[in-house]
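Summary of the model geometry
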Amino acid sequence: MNKYFLLFFLTAAQSAFAGPGPQPKKDKRPNIILILADDLGYSDLGCFGGEIHTPNLDGLAKNGLQFTQFYNISRCCPTRASLLTGLYNHDAGIGAMTAHKDDQAYKGHLGKNTVTIAEVLKQAGYRTAMSGKWHVSNTVSQSTEAAQLKWLSHQEQHPLFSPIDQYPTSRGFEKFYGTIWGVVDYFDPFSLVEGTKPVTNIPKGYYHTDAINEKASGYIREFSRGDQPFFLYVAQNAPHWPLQALPEDIEKYKDRYTKGWEAIREQRYKRMVELGLIDPNVTKLSPRHPAETSWEANPNKEWDARAMAVHAAMVDRMDQGIGRIIATLKETGTLDNTIIVFLSDNGASAELCERYGPGFDRPGATRNGQKVAYNTDKSVLPGPQTTFFSIGPDWANVANTPYRLWKSQSTEGGIRTPTIVYWPKGIKNKGGKVDMVGHVMDFMATFIELAGASYPETYNGNQVLPLAGVSFAAALKGGKNRGHDLLFNEHEGSRYVRQNEWKLVMPKGTRKWSLYNMISDAAEINDLAAQYPDKVKDLSGMWDEWAAQHHVLPKR
């Protein structure tokens, strides 16, 4: 026995002195965090000229890059579809919203002929997770309005909010916490799930923006313990209506907006000039919409000042949460080699959601039976859980300074998104402004290049549509990116085609093309259509051809 014991001892000692065996190398590819705000105006952030307190996003901009000509699709679902797939939204299957139509461009969900960024990066060895708003799947609703309202107010429980094969965990995300639908009660959100399981109860003091960002921080802590890089998609609901915020955040802004629409808009424009975001010789402050009211003549000053204060509070709280994400990256030692991208899905919204009333995705009561106010007479102040209001067109025009119109329109106020990219290890020109023409479908190509991944021709046995976006990775490393020479858009009849400096646009509700030179008139003030009829003919012909190729139905 002693002989065998001695042999065991010598073998163990030899192993100890030899040290551990070969260890797997840490994957040095960058982590990627993509943060998408919802209905954020172009000038809402401090670093884009706004008066809202956003120190964390301002810090990312100061030490990263600001893209000043980046485009979205003008609406939540189409932008998300394009962003996730690297395709025009019609090719991705969401030409309009999430209602299913028997047409390949209007399926209302991501098609099987598409791949998501998560699917591509997961195949390339990345961990993947998402927190927040999904809203790219067909919505399941109840058969009667009464049943739907009970479901919305958590009086009834049903297992699915969309077909299960359309959930994020079926499209490349290992982990998911968030809402399947779009609109939420921020204090008790409908369609909240973890993975695929409905979250039927929420803790006391719940606020959805905090939960989204805390869950994202948790994913970072978990993933950073491993050897693989990670991709994290953080899809904020804020500041989409309803106007609901925490009292302490509203308090910060209670007097901020009492000076009114015109004064805040002028203030933002001046600040944007000072920051070098716009050239006043090129981008004038566009006229306010003809239907808008002057602040002096506004009979509801208290209500409207409060509405914008709540909007600001929602943006402020989102920035606080992003600050906690940044702190988690520092805590885990992953900040230096993490790419953080921030943008908005469309311009600020002019919708008056109180006119809709309860129904479909808007509850009539809270979980404990309190009635939700939709008072169109502005007799109830916005902010608490028991209200469903929005900022309306006057403040949306301010939020999108200096551009025209708003969400769902193809004018710059609907489609130009404030975009920040931060990457300590990779970005050379920190604090720089990038004026290349970019598009949300470019993230797929960019992330593929930076991650050393490849875009597949087939996925799960299905042919995949060719990638439409282009990489802007060179811009991050101090090089030149040409961007897009030619871009198109259509949403519910609103459309544009942009070719280099020329943009032809038809706002929703009109049947007339307008022509603008984006080099000399980025705010789309001087319509040149009558002066250049041949250019209108050429560009409108391009749009018709694009619409036919991409199965765009509303070619009226």
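Here's a quick rundown of the structure. (Residues numbered from 1 in each chain as written. Predicted model: local features only at pLDDT ≥ 70, side-chain atom pairs only at ≥ 80, totals over all residues. Heavy atoms only, no water.)

**Notes on the overall build of the chain**
In plain terms, the rule: Secondary structure follows DSSP: runs of H or I at least 4 residues long count as helices, runs of E at least 2 residues long count as strands, and numbering of each begins at the N terminus. Between the two quantities, the radius of gyration covers C-alpha atoms and the globule rule is 2.2 Å times the number of residues to the power 0.38. Exposed residues in this analysis have more than 50% of their type's maximum accessible area, buried residues have under 20%, and partly exposed residues fall in between, with area computed by a 1.4 Å probe over protein chains only. In this description, contact between two residues means that some pair of their heavy atoms is separated by no more than 4.5 Å. To be clear on the numbers: accessible area is Shrake-Rupley with a 1.4 Å probe, and residue cover counts the displayed protein chains and nothing else.
Helices and strands together make up the secondary structure of the chain, namely 15 helices and 17 strands. A compact globule built from 556 residues would reach a C-alpha radius of gyration of about 24 Å, and the chain, at 25 Å, matches this within 12%. Taken along its principal axes, the extent of the C-alpha atoms in the chain is 100 × 60 × 50 Å. Burial analysis of the chain (556 residues in total) assigns 59% to the buried set. Contacts in the chain between residues at least 24 apart in sequence constitute 74% of all its contacts with a sequence separation of at least 6. Working note: accessible area of the chain is about 21900 Å², and carbon and sulfur atoms make up 52% of it.

**Things to note about the nonpolar core**
Side chains that are nonpolar tend, in soluble globular proteins, to be buried together. Rule in force here: Within this scheme, the nonpolar core is defined by two criteria: the residues are buried Ala, Val, Leu, Ile, Met, Phe, Trp, Tyr or Cys, and they are joined through side-chain atoms within 4.5 Å.
With 105 residues, the main nonpolar core has I33, Y257 and F342 as its most contacted residues. Of the residues forming this core, the biggest block, 15 residues, is contributed by helix 10 (residues 301-331). Apart from residues no more than four positions distant in its own chain, I33 is found in contact with I220, F230, L232, V234, I325, L329, T338, I339, I340 and V341. Counting residues in hydrophobic clusters, the runner-up holds 59 residues, among them L65, F161, I339 and L450.

**Topic: the pattern of salt bridges**
Pairing is possible between side chains that carry opposite charge, provided their charged atoms lie close to one another. Formally: Throughout this description, the term salt bridge denotes a Lys or Arg side-chain nitrogen within 4 Å of a carboxyl oxygen of Asp or Glu.
Inspection of the entire model under this criterion finds 35 salt bridges. Among the salt bridges present, the one from R317 reaches D210, with a minimum N-O distance of 3.2 Å. One end of the pair, R317, is in helix 10; the other, D210, is in helix 7 (residues 208-224), with 107 residues separating them in the sequence. When its relative accessible area of 16% is taken as the criterion, D210 is described as buried.

**Structural notes on helix 3 (residues 76-85)**
By the criterion of burial, helix 3 is predominantly enclosed, with ten of the ten residues buried. Listed as buried for helix 3 are C76, C77, P78, T79, R80, A81, S82, L83, L84 and T85.

**Notes on unusual backbone geometry**
Here the bond from A238 into P239 is cis, since omega is 0°, no more than 30 degrees from zero. Relative to the elements of secondary structure, P239 occurs in the loop between strand 7 (230-235) and helix 8 (247-252). Look at the link from T401 to P402: it is a cis peptide, with omega at 5°. Along the chain, the position of P402 falls in the loop between helix 11 (392-399) and helix 12 (412-415). Backbone geometry at H135 places phi at a positive 60°, although glycine is not the residue there. Tracing the backbone through its elements, the reader meets H135 in the loop between strand 3 (127-133) and helix 6 (145-152). Unusually for a residue other than glycine, F360 sits at a positive phi of about 55°. Note on placement: F360 falls in the loop between strand 8 (338-344) and helix 11. The exposure class of F360 is partly exposed, given its relative accessible area of 41%.

**Details of the packing of aromatic side chains**
Which entries qualify depends on this criterion: Between 30 and 60 degrees the pair is tilted, below 30 it is stacked and above 60 it is edge-to-face, where a pair is any two Phe, Tyr or Trp rings, Trp via its six-membered ring, whose centres lie within 6.5 Å. Charge-over-ring contacts are defined here by two conditions on Lys NZ or Arg CZ: a distance within 6 Å of the ring centre and an angle within 35 degrees of the ring normal.
Counted under the stated rule, the structure contains 35 aromatic pairs. Ring geometry for F70 and F472: centres 5.7 Å apart, planes at 85°, overall edge-to-face. Here F70, found in strand 2 (residues 65-71), pairs with F472, found in the loop between strand 13 (462-463) and helix 14 (473-476); they are 402 residues apart in sequence, far enough to count as distant. The same class applies to F70 as to F472, namely buried. Three or more aromatic residues joined by ring pairs form one cluster here, namely F67, F70, W134, F173, F231, Y233, F443, F447 and F472. The positively charged end of R495 is found above the aromatic ring belonging to W543, 4.6 Å away from the centroid. Its guanidinium or amino end placed over the ring of Y496, K503 lies 5.1 Å from that ring's centre, counting from NZ or CZ.

**Overview of the pairing of strand 7**
How we decide: In this analysis, strands are considered paired if DSSP registers two or more bridges between them.
Counting buried positions along strand 7 yields six of six residues, so the element is predominantly enclosed. Side chains of strand 7 alternate between two faces, with F230, L232 and V234 and F231, Y233 and A235 buried alike. Pairing geometry for strand 1 (residues 31-37) and strand 7, over five bridges, is parallel. Across the sheet, the residue bridging to I33 is L232, located in strand 7.

**Some remarks on the sheet that holds strand 15 (residues 494-499)**
In any sheet, the strands associate via hydrogen bonds between backbone groups, in a parallel or an antiparallel arrangement. The test is simple: Note on definitions: angles span 0 to 180 degrees between N-to-C directions of axes, and those axes are lines fitted to C-alpha atoms, for helices only across the stretch in contact.
Spatial strand order, 14-15-16-17: four strands in an open sheet with antiparallel pairing. Of all the strands in the sheet, the pair left with one neighbour each is strand 14 (486-491) and strand 17 (514-517). Neighbouring strand axes in the sheet, compared pairwise and without regard to direction, differ in orientation by 15° on average. Across four bridges, strand 16 (residues 502-506) lies against strand 17 in antiparallel orientation. Within strand 17, the position partnered with L504 by the bridge is L515.

Remember, this is a structural readout, not a statement about activity or role.
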